[in-house]
Amino acid sequence: MTAARNQALATQARRVYLEALVRGMTPLVAAVGQGATHLLAQGAPHAVMMARRDAVQAWQKSGPNWQMAVVAALRHAAVHGVSDNAREHEPTAPVQTSKMSLVDDSTIEREITSSRLALVMMDRATWEFTDLRTRMQALEGHDDLEPLDLLRAHVVARLALDAWNRVGLDANIWQLLHHELHEEFAQLISEAYHETNRWLIAQKVLPEVDLRPFIRRTAQTARD
C-alpha cells in the first residue's frame, strides 16, 4: 500500500471507531438508567434510600444532557485532539514553583475516578486494543499511539468524567451508579475496538493479526 492509501485507511478507521462510540452511547445511557431504577427497588436504610432517590432523580434529569455532552466531546476530540489539562498546573519557570496553586480535591477525585474507569475498560478490551494499535501503527507509521490519542481508553474515560461534571452530575451520583457505568463503558469500548478491527481486516490491513471472537453481553448476562 502507498503512504497516501495507508493514511486514508487510518483516517477512515478512526471514523469507524468514533461512530461506534457515539452509537453505543444510547444503549449505554439506557442501561445505566435501568440500573438506577433497579437501585430504588433494593432495600436499604432510610438515609441510603433518600440518597439513592436523589441520585436517580438527578440522573433522570441530566442523563440525556450528559449523553449529548459526551458525544460532543468525542467528536471534538476526534477533530481537534485532547488537551493535557495537567500541564496547566506545571510551573513555567523555577521562580514560580513555590507559588503553584494546589490542585483542588474535586479534580484529584475526578482523576482517580477516571483512572478506575479506564482500568475496567482496558481489563475487558486489552486484546482488541492491542490488535487495533498494531494495525494503526502499521498504517500511520508511528512507534505507538500518542498518549492522548482518542483510541486510548483513559482518554475516553476522562472525556466522560469531564462531561459528567459539566452537566452538574456529582461524584456521589457516579459512585452510586459506578457498577453500571463501569460495565457499560467496558462493553462500549470493546465493541468499538472490535468493529474497527473488523473493518480494517476487511480492508486487508494485517489480517494475520487474529480477529478474536467477540460475544456481545446481553442485559440478562449483565444482571447475573
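Below is a short write-up of the structure. (Residues numbered from 1 in each chain as written. Predicted model: local features only at pLDDT ≥ 70, side-chain atom pairs only at ≥ 80, totals over all residues. Heavy atoms only, no water.)

1. Here we look at unusual backbone geometry
Then, number 1: Phi at K204 is positive, roughly 65 degrees, even though this residue is not glycine.
Then, number 2: Classification of K204 as exposed rests on a relative accessible area of 65%.
Then, number 3: In this structure, L206 is a non-glycine residue whose phi angle is positive, near 45 degrees.
Then, number 4: Mapped onto the fold, L206 is located in the loop between α5 (171–202) and α6 (219–223). (Buried < 20%, exposed > 50% of the residue type's maximum accessible area, 1.4 Å probe, protein only. Helix = DSSP H or I, 4+ residues; strand = E, 2+ residues; numbered from the N terminus.)

2. Brief notes about the packing of aromatic side chains
Then, number 1: Within the structure shown, the criterion is met by seven aromatic pairs.
Then, number 2: Here the aromatic rings of W66 and F185 are separated by 6.0 Å at their centres, their planes lie at 75 degrees, and the arrangement is edge-to-face. Of this pair, W66 sits in helix α2 (residues 46–80) while F185 sits in helix α5; the two residues are 119 residues apart in sequence, bridging distant segments of the chain.
Then, number 3: Given a relative accessible area of 0%, W66 falls into the buried group.
Then, number 4: Plain terms: the ring middles of W164 and W174 are 4.9 Å apart, the flat faces sit at 85 degrees to each other, and that makes the pair edge-to-face. Of this pair, W164 sits in helix α4 (residues 153–166) while W174 sits in helix α5; the two residues are 10 residues apart in sequence, bridging distant segments of the chain. (Phe/Tyr/Trp six-rings, centres within 6.5 Å; stacked < 30°, edge-to-face > 60°.)

3. Some details on the environment of W164
Then, number 1: Given the relative accessible area of 2%, W164 is considered buried.
Then, number 2: Separated by 99 residues in the primary sequence, W164 and N65 have C-alpha atoms spaced 9.0 Å apart.
Then, number 3: Among all residues touching W164, those that are not within four sequence positions of it are W59, W66, L169, D170, I173, W174, L177 and L181. (Contact = heavy atoms within 4.5 Å.)

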